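Observations on the three-dimensional arrangement
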Amino acid sequence: MPTPPSGRARPSEQEPHQHRETAESFGSDAERYDRARPRYPDALVERIAAGAGDVLDVGCGTGIAARQFQAAGCRVLGVEPDPRMAALARQLGVDVDVSAFEAWDPAGRTFDAVVAAQAWHWIDPVAGAAKAARALRTGGRLAAFWNVPELPPQVTEAFAAAYRRVAPDAPGFPRATEQALDAYRRLDAIAAGAIRETDGFGDPEQWRFDWERTYTRDAWLDQMPTHGSLTTLSPGRVAEVLECVGSAVDAMGGSFAVRYATVAVTAVRTGAA
């Protein structure tokens, strides 16, 4: 299920970074977030990490992507506005500055790569691109990327029915696979447009990596409360949604496969910003 806010929210499907209540809700259960959220393809991490000694992870959360870059041999600094998420990232070995990226001060520090894993849509795209340009060395790379789940149609409908019954007004209401991909393509387009408007970057590129993961009932229900569609609901409503979805998974045999498309927008810093 996509985490960007749904189209019903006004004013801003175009400006999801304005949805601060959702953006700052993920730390309510940071341990679950770190345990249950999917990781990122090794091929993506390796492509960015090649030649990148120092990496800045924007909106690093609990450090899921940061630890993958550390494992690839990079030195990583995270920037995270939620002190609850930052505290767990530090416990797990990631250095973190607690700050919104737009307000963060590089203090003369520069990096070979600025990355944002499942986070760039919570950042003002224009201010974020300008700050990334300041933080990057010439030849360094900005890369914002998202995991987009592509659920089988019968799974999507079963889950959507649960939401319609229990929480029809929840943000990030589940949508069909193609609608989910379209939502992330729009995020890509917004990010790419801001990069083009920022001095110091080459032309942005789009990357895509496809992979698959099989979820058991328990594994799927464990990660569901970490998504923006549930983080702002009351515990009682969350429990109802999980009960409905759990029943749907049981009816499917207790597990199902999710195809993921990890999509990225990326650009290289070419000169003075």
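So, here is what we can say about the structure in this document. (Residues numbered from 1 in each chain as written. Predicted model: local features only at pLDDT ≥ 70, side-chain atom pairs only at ≥ 80, totals over all residues. Heavy atoms only, no water.)

**Section: unusual backbone geometry**
In the Ramachandran plot, Ala107 falls in the positive-phi region, its phi being about 50 degrees despite a non-glycine side chain. Here Ala107 shows up in the loop between β3 (95-98) and β4 (111-117). Residue class for Ala107 comes out exposed when judged on its relative accessible area of 56%. For Gln118, which is not glycine, the phi dihedral falls at a positive 60 degrees. Mapped onto the fold, Gln118 is located in the loop between β4 and α6 (125-135). (Helix = DSSP H or I, 4+ residues; strand = E, 2+ residues; numbered from the N terminus. Buried < 20%, exposed > 50% of the residue type's maximum accessible area, 1.4 Å probe, protein only.)

**Quick look at the sheet that holds strand β2 (residues 75-80)**
Taken together, seven strands build an open sheet; the order of strands is β3-β2-β1-β4-β5-β7-β6 and the sheet is mixed. In the strand order of this sheet, the two ends are held by β3 and β6 (205-216), each with one partner. Across the sheet, the mean angle from the axis of one strand to that of its neighbour is 20 degrees, orientation sign disregarded. Note: strand β1 (residues 54-58) against β4, three bridges, orientation parallel. Among the inter-strand pairings, Val55 is bridged to a residue of β4, identified as Ala113. Packed on one face of the sheet, helix α3 (residues 42-49) meets β4, β5 (136-150), β6 and β7 (255-268) and runs near 145 degrees to β6. Each of β2 and β3 is contacted by helix α5 (residues 83-91), which is oriented at about 165 degrees to β3, the strand it contacts most. (Pairing = 2+ DSSP bridges. Axes fitted to C-alpha atoms, helices over the stretch in contact; angles between N-to-C directions. Contact = heavy atoms within 4.5 Å.)

**Quick look at the environment of Val155**
Along the chain, the position of Val155 falls in helix α7 (residues 153-166). Expressed as a C-alpha distance, the spacing of Val155 and Val249, which sit 94 residues apart in the sequence, is 7.9 Å. Those residues in contact with Val155 that sit more than four places away from it in its chain are Met252 and Phe256.

**Points about the pairing of β4**
Across the seven residues that make up β4, a large majority, six, are buried. The pairing of β4 with β5 spans six bridges and is classified as parallel. Directly across from Ala116, in β5, lies its bridge partner Ala144. Where the polypeptide runs from β4 across α6 and back to β5, its parallel neighbour, the crossover connection is right-handed. (Right-handed = clockwise from strand over helix to strand, strands pointing away.)

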